[in-house]
Amino acid sequence: MIRKSAGFTCFICEGDGQHSLGVFNGKHIDAYRTTVCADCYRANETGWAPHHVPKIMAHLQNEGLPVPARKPGGWLPLDPN
Ligand SMILES: [Zn+2]
């Protein structure tokens, strides 16, 4: 398996991050121990869209991470601090 040293794969859309001109177009989210692209980060700023939640929950379980407290309305927070 070939790994690009500076690259990442977005956890949500599974697209490759853009690294032209040395710009790291990804956001690492510590609470989820993963990296998403800037587009997915922006698209879910108010909380993870419900269709992403099953994938996120499975990931948290695999990593042994706690599930962050839900926001009002039941939204899973994008980047809890
Ligand atoms: Zn993405």
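Quick look at the overall build of the protein
Part 1 of the argument: From N to C terminus, the protein includes 2 helices and 2 strands.
Part 2 of the argument: Reading the secondary structure of the protein in the N-to-C direction produces β-β-α-α.
Part 3 of the argument: Residues classed as buried in the protein amount to 17% of the 81 residues present.
Part 4 of the argument: A separation of at least 24 residues holds for 47% of the contacts in the protein among residues at least 6 apart in sequence.

Section: unusual backbone geometry
Part 1 of the argument: In this model, Arg 33 sits at a positive phi of 50°, which is unusual for a non-glycine residue.
Part 2 of the argument: Among the structural elements, Arg 33 can be located in the loop between β1 (26-29) and β2 (34-37).
Part 3 of the argument: Given 14 C-beta atoms within a 10 Å radius, Arg 33 is considered partly exposed.

Side note on the environment of Pro 77
Part 1 of the argument: Relative to the assigned elements, Pro 77 resides in the segment after α2 (53-63).
Part 2 of the argument: Placed 29 residues apart in sequence, Pro 77 and Trp 48 show a C-alpha to C-alpha distance of 6.3 Å.
Part 3 of the argument: Setting aside anything within four residues of it in sequence, one finds Pro 77 in contact with Gly 47, Pro 68 and Lys 71.

Side note on the pairing of β1
Each regular strand displays side chains that alternate between the two surfaces of the sheet.
Part 1 of the argument: In this sheet, β2 lies alongside β1 in antiparallel orientation, the contact comprising 4 bridges. By the bridge assignment for β2, Ile 29 is matched with Thr 34.
Part 2 of the argument: Hairpin connection of β1 to β2: 4 residues between the antiparallel strands, including Arg 33 at a positive phi of 50°.

Some points on α2
Part 1 of the argument: When you tally the buried positions in α2, you get 1 out of 11 residues, a small fraction of the element.
Part 2 of the argument: In the segment just after α2, Gly 64 is the residue with positive phi, at about 70°.

Some words on the confidence of the model for the protein
Part 1 of the argument: Per-chain confidence: the protein averages 86 in pLDDT, with 81% of residues scoring 70 or above.
Part 2 of the argument: β1 is the least confidently modelled element of the protein, averaging 90 in pLDDT, while α2 averages 97, the highest of any element.
Part 3 of the argument: Scored below 50 in pLDDT, residues 1-5 shows 0 contacts in the model against residues more than four places distant or in partner chains.

Re the environment of Lys 55
Part 1 of the argument: In this fold, Lys 55 is placed in helix α2.
Part 2 of the argument: Among the residues examined, Lys 55 registers 12 C-beta atoms within 10 Å and is labelled exposed.
Part 3 of the argument: Sequence separation of Lys 55 and Ile 12 is 43 residues, and the distance between their C-alpha atoms is 8.3 Å.

Cut-offs and rules
- Residues numbered from 1 in each chain as written.
- Predicted model: local features only at pLDDT ≥ 70, side-chain atom pairs only at ≥ 80, totals over all residues.
- Helix = DSSP H or I, 4+ residues; strand = E, 2+ residues; numbered from the N terminus.
- Buried ≥ 20, exposed ≤ 12 C-beta atoms within 10 Å, placed from the backbone.
- Contact = placed C-beta atoms within 7 Å.
- Pairing = 2+ DSSP bridges.
- pLDDT = per-residue confidence, 0-100.

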